[in-house]
Amino acid sequence: MKTRLLFFLGIIIIIFTSCKLNSESNYKPDIQFVHDPIINDTVALNIYADQGGVYRLDTISVGDTVHFQIYATGFTNNLTEFYLTESSDSVSKFILPNVSSMDSIFLPTSNYKTGKFVMAGTYTALFFPFQYVALKVSNEAKITFSVISDANFEYNQFSFVLKTPIIAAKEKIK
């Protein structure tokens, strides 16, 4: 009986001492939509997978405002940079949150006009609401979302492209 007990105790000791307790966790960051984008505060838009990692948003009209809520996470790693860029600023524009609220999260090296948001590396997640306004007709309008974390391996960033086809606004019925 004592030999069995000592044997099992020895196995348990080996298992616990073979664990590496001071390891680092490295995960590839991710960006998700909190819910489907909403157009003009009324209709939820669908997002479809297109070719080559590019996604496509439902068609919107000139003058439409699309509300996005983005959730970026580094899981156990801290986020260091977030990028939000559009293919052409003459086709569309972003309406960002208040500068004072962004200044409390992002560093002064950020450039909000170009979509560069630099963080101190103390947050593992970021909730970022913004609006996208369609200004001109375009089949090539795109939004690029990117996030970079402090993970210690080559896959420390994630990005994707969202195509946003924009058509002419429909005339109102009189």
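Keep in mind the model is a prediction, meaning the values are calculated, not measured.

**What about the overall build of the chain?**
Along the backbone of the chain there are two helices and 14 strands. In terms of overall dimensions, the chain is more spread out than a globule: its C-alpha atoms have a radius of gyration of 23 Å, far above the 16 Å expected for 174 residues. If you line up the chain on its principal axes, its C-alpha atoms span 95 × 35 × 30 Å. The buried share of the chain, reckoned over its 174 residues, is 33%. Residue pairs at least 24 apart in sequence account for 72% of intrachain contacts in the chain once pairs closer than 6 positions are excluded.

**A closer look at the nonpolar core**
Counting residues in hydrophobic clusters, the biggest one holds 31 residues, and the most contacted among them are Phe 82, Leu 84, Phe 128, Phe 130, Tyr 132 and Phe 145. Elements with a minimum of two residues in this core: strand 7 (65–73), strand 8 (79–86), strand 10 (116–123), strand 11 (125–134), strand 12 (142–149) and strand 13 (157–163). Looking at which element gives the most residues to this core, the answer is strand 11, with five residues. In contact with Leu 84, other than residues within four places in its own chain, are Phe 94, Leu 96, Thr 114, Gly 115, Phe 117, Phe 128, Phe 130, Ile 143, Thr 144 and Phe 145.

**Remarks on the pattern of salt bridges**
With the rule as written, the count across this model stands at one salt bridge. Residue Asp 50 is joined to Lys 163 by a salt bridge in which the shortest nitrogen-to-oxygen separation is 3.6 Å. Placement of the pair is Asp 50 in the loop between strand 4 (47–49) and strand 5 (54–57) and Lys 163 in strand 13, with a sequence separation of 113 residues. Relative accessible area serves as the criterion here: at 28%, Asp 50 is assigned to the partly exposed category.

**Considerations on a nonpolar patch on the surface**
A cluster of nonpolar side chains, contributed by Phe 7, Phe 8, Ile 11 and Ile 15, occupies part of the molecular surface with about 410 Å² of accessible area. With respect to the helices and strands, Phe 7 occurs in helix 1 (residues 2–17).

**Some words on the pairing of strand 8**
Pairing between strand 8 and strand 10: four bridges, direction antiparallel. Bridge pairing in strand 10 places Leu 79 opposite Tyr 123. Looking at chain direction, strand 8 and strand 12 are connected through seven bridges and run antiparallel. Note that in strand 12 the partner of Glu 81 across the bridge is Ile 148.

Cut-offs applied
Residues numbered from 1 in each chain as written. Predicted model: local features only at pLDDT ≥ 70, side-chain atom pairs only at ≥ 80, totals over all residues. Heavy atoms only, no water. Helix = DSSP H or I, 4+ residues; strand = E, 2+ residues; numbered from the N terminus. Rg over C-alpha atoms; globule rule 2.2 N^0.38 Å. Buried < 20%, exposed > 50% of the residue type's maximum accessible area, 1.4 Å probe, protein only. Contact = heavy atoms within 4.5 Å. Core = buried A, V, L, I, M, F, W, Y, C linked by side-chain atoms within 4.5 Å. Salt bridge = Lys/Arg side-chain N within 4 Å of Asp/Glu carboxyl O. Patch = residues over 30% accessible without salt bridge, like charges linked within 9 Å, V, L, I, M, F, W, Y side chains within 5 Å. Areas by Shrake-Rupley, 256 points an atom, 1.4 Å probe, with all protein chains shown as cover. Pairing = 2+ DSSP bridges.

Coordinates in, geometry out; function isn't part of it.
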